[in-house]
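# Breakdown of the fold
Now for the letters of each chain:
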Amino acid sequence: PSGKIEFVSSVIGSCDKEGHEGLPFFHDFREKLPMDEFPLILATGSRKPQLFHSRSYRHPWLANLEKWPLVEVHPDDAAALGMIDGEEVTVETPMGKLDMTLSITSSNLKGVVNVYHAVNDKDINYILDDTYLDPISGFPGFKSYCCRLVKKEKCHE
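So, here's what we can say about the structure.

## What about the nonpolar core?
- One finds Leu42, Val71, Val91, Val113, Ile124 and Leu149 to be the most contacted residues of the largest nonpolar core, which totals 27 residues.
- At the level of elements, strand S1 (40-46), strand S2 (70-73), strand S3 (88-93), strand S4 (96-104), strand S5 (112-116) and strand S6 (145-151) are the ones that each hand at least two residues to this core.
- Filtering out sequence-adjacent residues up to four positions away, Val71 remains in contact with Val89, Val91, Met100, Thr101, Leu102, Ser103, Val113, Asn114, Val115 and Leu149.

This is the structure we're talking about:
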């Protein structure tokens, strides 16, 4: 509005809402989440080359390149949880849970769980809180929600 570069936004600063300071300020998203109960950070929306478009997983020859749906974790996190590569685990959030196949990869950050998007009935969006939004942009928390991993209970016959 001033016609100049503004380091302090008079527009945002005039809002009387939490998280709307005129001068950008870091707010740790973990303060608003039940991180004690769900200690891992859930990141979603990553794409693999063969699944770049959200609908390409529907092509059988692409979908058969690897087991789906995958949940990726760092080797240290998997070891701490007593989990091994390829086993079935349950990803739990405050909104629900999904069973997935564990993929252990050192390309993941420690403490972060990565889940790819748009996998039919195992779509991670089903267990994200649709009210968990960035206060300024309104963008969903696709890279900053909370979760935990639990070994999937096996049925005894």
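## Considering the side chain of Asp123
- Looking at the element boundaries, Asp123 is found in the loop between S5 and S6.
- On the basis of relative accessibility, which here comes to 13%, the residue Asp123 falls in the buried class.
- Engagement of the side chain of Asp123 in a polar contact is seen with the backbone nitrogen of Asn125, the distance being 2.9 Å.

## Thoughts on the sheet that holds S1
- The sheet built from 6 strands closes into a barrel, its strands ordered S1-S5-S2-S4-S3-S6 with mixed pairing. Adjacent strand axes in the sheet meet at a mean angle of 45°, parallel and antiparallel pairs treated alike.
- Bridge count between S3 and S4: 6 bridges; the pairing is antiparallel. Its bridge partner lying in S4, Val91 is registered against Leu98.

## Here we look at the environment of Gly13
- Looking at where Gly13 falls in the secondary structure, it is placed in helix H1 (residues 10-13).
- When its relative accessible area of 40% is taken as the criterion, Gly13 is described as partly exposed.
- Sequence separation between Gly13 and Pro24 is 11 residues, and the spatial gap between their C-alpha atoms is 9.6 Å.
- In this structure, Gly13 is in contact with His20, Glu21 and Gly22, ignoring residues within four places of it in sequence.

## A look at the pairing of S2
- Taking every second residue as pointing to the same face, both faces of S2 are buried, with Leu70 and Glu72 on one and Val71 and Val73 on the other.
- Where S2 meets S4, 4 bridges bridge the pair, whose relative direction is parallel. Each bridged residue has a counterpart across the sheet, and for Glu72 the counterpart in S4 is Ser103.
- In this sheet, S5 lies alongside S2 in antiparallel orientation, the contact comprising 2 bridges. Across the sheet, the residue bridging to Val71 is Val115, located in S5.

## Concerning the side chain of Thr90
- With respect to the secondary-structure elements, Thr90 resides in strand S3.
- In this structure Thr90 touches Lys97, Leu98, Asp99, Arg148, Leu149, Val150 and Lys152, once residues within four positions along its chain are discounted.

## Digging into the pattern of salt bridges
- In total, this model carries 6 salt bridges according to the counting rule given.
- As a salt-bridge pair, Asp28 and Arg30 come within 2.9 Å of each other at their nearest N and O atoms.
- Among the salt bridges present, the one from Lys110 reaches Asp76, with a minimum N-O distance of 2.8 Å. Separated by 34 residues along the polypeptide, Lys110 in the loop between S4 and S5 and Asp76 in helix H3 (residues 75-81) bring together distant segments of the chain.
- Relative accessible area serves as the criterion here: at 55%, Lys110 is assigned to the exposed category.
- On the basis of relative accessibility, which here comes to 39%, the residue Asp76 falls in the partly exposed class.
- Here the residues in one salt-bridge network are Glu37, Glu92 and Arg148, joined through shared partners.

Reading guide: rules and limits
- Residues numbered from 1 in each chain as written.
- Predicted model: local features only at pLDDT ≥ 70, side-chain atom pairs only at ≥ 80, totals over all residues.
- Heavy atoms only, no water.
- Core = buried A, V, L, I, M, F, W, Y, C linked by side-chain atoms within 4.5 Å.
- Buried < 20%, exposed > 50% of the residue type's maximum accessible area, 1.4 Å probe, protein only.
- Helix = DSSP H or I, 4+ residues; strand = E, 2+ residues; numbered from the N terminus.
- Contact = heavy atoms within 4.5 Å.
- Polar contact = N/O pair within 3.5 Å; in protein donor to acceptor, adjacent residues only side chain to side chain.
- Pairing = 2+ DSSP bridges.
- Axes fitted to C-alpha atoms, helices over the stretch in contact; angles between N-to-C directions.
- Salt bridge = Lys/Arg side-chain N within 4 Å of Asp/Glu carboxyl O.

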